[in-house]
Amino acid sequence: MGNIRARATNAFHVARLSIRYARFAKAIAARRLFEALYTTVPRLYSIIMPYTHPAEVVIALTSRCQLRCSICGIRKVMTRPQFKGHHIEPDELLPLLDEIAQWRWKPYLKFTGGEPLLLEEKLIKLIKTCHRRNIPTRLSTNGCLLEREDLASGLVESGLDVLTISLDGPEKVHNAIRGSSRAFSQTIQGIENVALAKNAIPSKTPLVQISSVIHAGNQASLRELFSLLQCLPIQWWNLQLLNFVDRETNRVANELAKAWGYEEGPWCEFTNEALCQVDAHALAEDIAWIQGQRTAFARSILRIGSLAPESISAYYRNGTKILKKKLCAAPLISIHIVPTGDMVFCIDYPYVVYGNIRESSLKAAWLSEKAMEFRKRFIAYYVKTGNPLPQCARCNWLFN
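Scoring rules and cut-offs
- Residues numbered from 1 in each chain as written.
- Predicted model: local features only at pLDDT ≥ 70, side-chain atom pairs only at ≥ 80, totals over all residues.
- Heavy atoms only, no water.
- Buried < 20%, exposed > 50% of the residue type's maximum accessible area, 1.4 Å probe, protein only.
- Helix = DSSP H or I, 4+ residues; strand = E, 2+ residues; numbered from the N terminus.
- Pairing = 2+ DSSP bridges.
- Right-handed = clockwise from strand over helix to strand, strands pointing away.
- Axes fitted to C-alpha atoms, helices over the stretch in contact; angles between N-to-C directions.
- Parallel < 35°, antiparallel > 145°, perpendicular 65-115°, else oblique.
- Left-handed = near helix turned anticlockwise from the far one by under 90°.
- Contact = heavy atoms within 4.5 Å.
- Nonpolar A, V, L, I, M, F, W, Y, C, P; charged D, E, K, R; others polar.

**Focus on the pairing of strand β3 (residues 137–141)**
Of all five residues making up β3, five are buried, and the element is well covered by its neighbours. Of the two faces of β3, the one carrying Thr 137, Leu 139 and Thr 141 and the one carrying Arg 138 and Ser 140 are both buried. Relative to β3, strand β2 (residues 108–112) is paired through three bridges, and the arrangement is parallel. In the sheet register, Phe 111 faces β3, and the bridge partner there is Leu 139. A crossover connection joins β2 to the parallel β3 through helix α6 (residues 121–132); in handedness this β-α-β unit is right-handed. Handedness of the crossover joining β3 and strand β4 (residues 162–166) through helix α7 (residues 149–158): right-handed.

**Quick word on the packing of α7 against helix α9 (residues 183–200)**
In the contact formed by α7 and α9, the axes pass within 8 Å of each other and the chain directions differ by 50°. Between α7 and α9, the crossing angle belongs to the class labelled oblique. The handedness of the crossing between α7 and α9 comes out as right-handed. Residues Glu 149, Ala 152, Ser 153 and Val 156 of α7 form the contact with α9, whose own contacting residues are Asn 193, Val 194, Ala 197 and Lys 198. Its residues placed into classes, the contact of α7 with α9 shows four nonpolar, two polar and two charged.

Function cannot be read off these values alone, since they describe shape.
Below is the structure:
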């Protein structure tokens, strides 16, 4: 009975927040609609795509980050020579925002990095511009710089819809993962500062979401993290499994990329066998316990099936096993932009470039010959095998 009540409470929170943050919820609903359409009938993309536009635009504004997180594959990708030191000046995005503002319905823009808050006032100005054009926005950050009251207040005043902050565990665990002795205290203070700013204005936005990734380094502290979150002014907790690529999957993915005429992708940066050594039985018990608790915030947990010990063990210990025969819709519904300004199909694995913001409009790149050629290969592979691409087998996007 307790578990049923907890699930009902969570469903109520989700519905309430969907109404309260309706602009962003509508953008998410549109994304899910197109995702469901393309994953059900993949070949429809060639018919529908010329008459629509992306449902999501993800922009990595900078390759820089002040932390050295042990779980972060994208940090390693961004230190590669082709990305290191690059960033996008917010003013360079103005033509894209003008283009998006003309679209009949608006996708949401997700700003990430690196650490996007390193752009400080430039980022806040960019989000304000989006808000004036009625473009929903989401920011993913480690939250450390929000200990500065001016940045926290600026974000609240900017009209940002959703603020996603990474928190991995209690203080010692979080700091060890983030490679900084102050990361935890800075992030907690940042969350408090945002809440204070929301109350002072007052403003319902942004929705504050905590994102936690489960791995061997923090799985033993999940219940303690849950208790900590109960005391914080947040609206959502997203609990997800580790995004990784094992050695065999890396080899197979490289062979496929070469067969298609592309360079090897950077998915090897997401190989970390030590982080996959989770205790599946203990983790299953902890997740079940969390799901049985009633909270003041909504929560979501990545779905890999039943979340039983067998499923969790298969997820972490056998990265080549396909657990979800589902097409990743990102190449069909999203534009991802890396700090060089290049447009790619995946922000984590930027190995196929089909345009650049300094040379092309979003829609022209979206429908370019190079982009459509990749989609053709991508869909044909899925239709033939029934599987996602090898490197996508343990990606959060697939299980969201």
